Amino acid sequence: MEHSTRWYQNRWPWIIIGMLGGTIVLCLHLMVLAIQTQDSLVVDNYYDAGKGINRSLAREQLARDLNIRAEVVFDELTGEVRVQLNTEQVDALELNLISPTQPEQDLHIALKPHIALNRYYGQLPHPVSGRRFVEVIGMEIPHKKHWRLFEEEQIVHGQTLLLGDEPLAGATAPAAP
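As named in an unreviewed UniProt entry, the chain is Nitrogen fixation protein FixH, taken from Ventosimonas gracilis.

This is the structure we're talking about:
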């Protein structure tokens, strides 16, 4: 005896049709998402970006040659950031806190000199924590050349970050005699 039912009365065709329909809906959603958002981490001109890397390495090498070190402290209570340098030859100082993946969270803070020698301070617009690229840019007074301290750090309020204590990434090591 043959027992036959119509196809729409069985559940398996509906499961297959549901999976195909879900795939189409998800594909359309991803297409809309791809069209409406831009890729902010993609650089259009790779040649200029490559030249910028060489300039950055030259500024980092200048900081290394001048033996510049910095201590950075974030105060969560007041929202203040304090930078203590080990050199007196600084005209202007800038602190950049760069998020590795979210450019809208990058902070650029112009630091003001403090009454105490070699100490600078600035105000954070909002609390910052987590993994960041910390960049301190200054200008050497006698030669008017810019130097840069740049390190990847885990920011925790109240903890002191030491910049300039790690070897330069991408720079060639001096030859042994």
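**Comments concerning unusual backbone geometry**
Even without a glycine there, the phi angle at Asn67 is positive, about 60°. Structurally, Asn67 can be placed in the loop between helix H2 (46–65) and strand E1 (70–75).

**Section: the pattern of salt bridges**
In the structure shown here, the tally under the stated rule is 5 salt bridges. For Arg82, the salt bridge identified is with Glu80, shortest N-O distance 3.4 Å. Using a relative accessible area of 23% as the deciding quantity, one classes Glu80 as partly exposed. Among the salt bridges present, the one from Glu152 reaches Arg131, with a minimum N-O distance of 2.2 Å.

**Describing the pairing of strand E5 (residues 119–123)**
Side chains Tyr120 and Gly122 project from E5 onto a buried face, and the interleaved Arg119, Tyr121 and Gln123 project onto a face without burial. The pairing of strand E2 (residues 80–85) with E5 spans 5 bridges and is classified as antiparallel. Bridge pairing in E5 places Arg82 opposite Tyr121.

**Focus on the pairing of strand E8 (residues 160–163)**
Only one face of E8 is covered, namely the one carrying Leu161 and Leu163; the face carrying Thr160 and Leu162 has none of its residues buried. In this structure, E1 lies alongside E8, joined through 4 bridges in antiparallel fashion. Residue pairing across strands places Ala70 opposite Leu163, the latter belonging to E8.

**Observations concerning the nonpolar core**
If you look at the biggest cluster of nonpolar residues, it comprises 26 residues, and the most contacted ones within it are Leu85, Leu93, Leu97 and Trp147. Looking at this core, the elements that each hand over two or more residues are H2, E1, E2, strand E3 (90–98), strand E4 (107–113), strand E6 (130–140), strand E7 (145–155) and E8. The biggest single contributor to this core is E3, with 4 residues. Those residues within four positions of Leu97 in sequence are excluded, and the remaining contacts are Phe74, Gln105, Asp106, Leu107, Leu124, Val128, Arg132, Phe133, Val134 and Ile155.

Reading guide: rules and limits
Residues numbered from 1 in each chain as written. Predicted model: local features only at pLDDT ≥ 70, side-chain atom pairs only at ≥ 80, totals over all residues. Heavy atoms only, no water. Helix = DSSP H or I, 4+ residues; strand = E, 2+ residues; numbered from the N terminus. Salt bridge = Lys/Arg side-chain N within 4 Å of Asp/Glu carboxyl O. Buried < 20%, exposed > 50% of the residue type's maximum accessible area, 1.4 Å probe, protein only. Pairing = 2+ DSSP bridges. Core = buried A, V, L, I, M, F, W, Y, C linked by side-chain atoms within 4.5 Å. Contact = heavy atoms within 4.5 Å.

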